[in-house]
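For reference, the chains in residue letters:
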Amino acid sequence: TKCESGCVCADGLYENLDGRCVPAEECPCEYGGLAYGRGEQIQTECEICTCTKGKWKCVQKTRCSSTCNLYGEGHITTFDGQRFVFDGNCEYILAMDGCSVNRPISSFKIVTENVICGKSGVTCSRSISIYLGNLTIILRDETFAISGANPGIRYKVKKNALHLMFDIIIPGKYNMTLIWNKHMNFFIKISRETQETICGLCGNYNGNMKDDFETRSKYVASNELEFVNSWKENPLCGDVYFVVDPCSKNPYRKAWAEKTCSIINSHVFSACHNKVNRMPYYEACVRDSCGCDIGGDCQCMCDAIAVYAMACLEKGICIDWRTPEFCPVYCEYYN
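Nothing here was measured: the structure is a model prediction, and the numbers come from that model. (Residues numbered from 1 in each chain as written. Predicted model: local features only at pLDDT ≥ 70, side-chain atom pairs only at ≥ 80, totals over all residues. Heavy atoms only, no water.)

Draft legend 1. Representation of the sheet that holds strand β8 (residues 65-71) within the structure. Pairing in this open sheet of seven strands is antiparallel, and the strands run β10-β9-β8-β19-β18-β17-β16 from one edge to the other. Looking at strand neighbours, the two that pair on one side only are β10 (83-85) and β16 (154-159), the edges of this open sheet. Direction aside, neighbouring strands of the sheet carry axes that sit 15° apart on average. Pairing analysis gives six bridges linking β8 to strand β19 (residues 186-192), with the strands arranged antiparallel. (Pairing = 2+ DSSP bridges. Helix = DSSP H or I, 4+ residues; strand = E, 2+ residues; numbered from the N terminus. Axes fitted to C-alpha atoms, helices over the stretch in contact; angles between N-to-C directions.)

Encoded structure:
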């Protein structure tokens, strides 16, 4: 209706990010602040998305997987993405199936045992027990032990300098990859061929984050501590009533913790900042670095940073952040 100064594209053409006028077929797509050209693809755990005319067209993968993380001093991210922290000196069920009233038979159960690792009372996941019928795998003291047998389950163990990895197939039900860094970090990646209900501290894996605090008694808890207490493996353990803040208990460590963890916010990880929200990982790193006050403090800090690096890797961003001076990985003896 009125004349405005400036440049416009001719009919049928659109301005791209370089300021050029292009046909719709050549329009770029945006994801995480980056531009992707026509036909380029990005992948998530459940979808493959292709850039078409400036919009993402996504196709569901035939097999969809999700990961539950337990890291540091009781940080958990559930299969559906809910985050919480707990301190409890007990065994807790991380994940199991057979939760529905109609089908109460469980084909797997994964239990974490927490051990106190700081004067302030914070706990670190140190021992993981994996129960697969009559087959039991115990992860403890940087190694593992297998007992019993279950001919209906296939599994493979892989090792490297940093991790122990277990590929477990329960035919017709689940493909699982369990990754343990031999210290405090444990990841459960599951793709399932059944809609079997899953439960435990890793949530119910139904795609809805809001009902992840479902207790063993099948109601949604009003807070995470009520939820955590319901998943104790041993009912005789004491309940958790509050979450310790290690930085307020150890204020002399806070400046060191913030300084060392700031690598997460620095240019070193800049390629990942718009793909994975760094703040929860930075806050977890500071908390853990304040808490590990009786040895292993650098291990706690490095483990927390490694979790962010792993989240970046899941999005296809590989960050080379370790150096001989900062969180080095020592080669095996004489290797």
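Draft legend 2. Up close: the packing of aromatic side chains. This structure, assessed with the given rule, holds 14 aromatic pairs. Here Tyr36 and Trp56 contribute two aromatic rings whose centre-to-centre distance is 5.5 Å and whose plane-to-plane angle is 65°, an arrangement assigned as edge-to-face. Here the residue Tyr36 occupies a position in strand β4 (residues 34-36), and Trp56 occupies one in strand β7 (residues 55-60), the gap between them amounting to 20 residues. Judged by relative accessible area, which is 24%, Trp56 ranks as partly exposed. Note on Phe84 and Phe86: the rings are 6.3 Å apart at their centroids and 35° apart in plane angle, and the pair reads as tilted. This pair shows no difference in class: Phe84 is buried, exactly as Phe86 is. In textbook terms, an aromatic cluster arises when at least three aromatic residues are bridged by ring pairs, as seen for Tyr71, Phe269, Tyr281, Tyr308, Trp321 and Phe326. The side chain of Arg83 reaches across the aromatic face of Tyr281, ending 4.7 Å from its centre. (Phe/Tyr/Trp six-rings, centres within 6.5 Å; stacked < 30°, edge-to-face > 60°. Buried < 20%, exposed > 50% of the residue type's maximum accessible area, 1.4 Å probe, protein only. Lys NZ or Arg CZ within 6 Å of the ring centre and 35° of its normal.)

Draft legend 3. Structural detail: the state of the cysteines. Counting across every chain of the model gives 10 disulfides. Between the sulfur atoms of Cys29 and its disulfide mate Cys51 the distance is 2.1 Å. One quick way to see it: the torsion about the S-S bond of Cys29 and Cys51 is about 90°, and its sign makes the bridge right-handed. With Cys29 in strand β3 (residues 29-31) and Cys51 in strand β6 (residues 47-52), this pair connects stretches of sequence that are 22 residues apart. With a relative accessible area of 2%, Cys29 lands in the buried category. Under the relative-accessibility criterion, Cys51 is labelled buried at 2%. The disulfide partner of Cys261 is Cys285, and the S-S distance across this bridge is 2.0 Å. Negative torsions about the S-S bond denote left-handed disulfides, and the value of about -80° found for Cys261 with Cys285 makes this one left-handed. Here Cys285 lies in helix α5 (residues 279-291) and Cys261 lies in helix α3 (residues 254-261), a separation of 24 residues in the sequence. (Disulfide = S-S within 2.5 Å.)

Draft legend 4. A look at the pairing of β16. Note that β16 and strand β17 (residues 164-170) share six bridges and pair antiparallel. Along β17, the bridge assignment pairs Lys158 with Met165. Linkage of β16 to β17, two consecutive antiparallel strands, is achieved through a turn of four residues.

Draft legend 5. Expanded view of α3. Buried within α3 we find Ala257, Thr260 and Cys261. Across the axial projection of α3, the buried residues extend over an arc of 95°, all falling on one side. Pointing more than 90 degrees away from the buried face of α3 are the exposed residues Ala255 and Lys259. (Arc of directions from axis to C-beta.)

Draft legend 6. The sheet that holds strand β5 (residues 41-43), seen in detail. Judged by pairing direction, the sheet is antiparallel, and its three strands sit side by side in the order β5-β6-β7 without closing on themselves. On the outer flanks of this sheet lie β5 and β7, each paired with one strand and no other. Ignoring which end each strand starts from, the neighbouring axes of this sheet average 25° apart. Where β6 lies against β7, six bridges are found, and the strand directions are antiparallel. Of the residues in β7, the one forming a bridge with Thr52 is Lys55.

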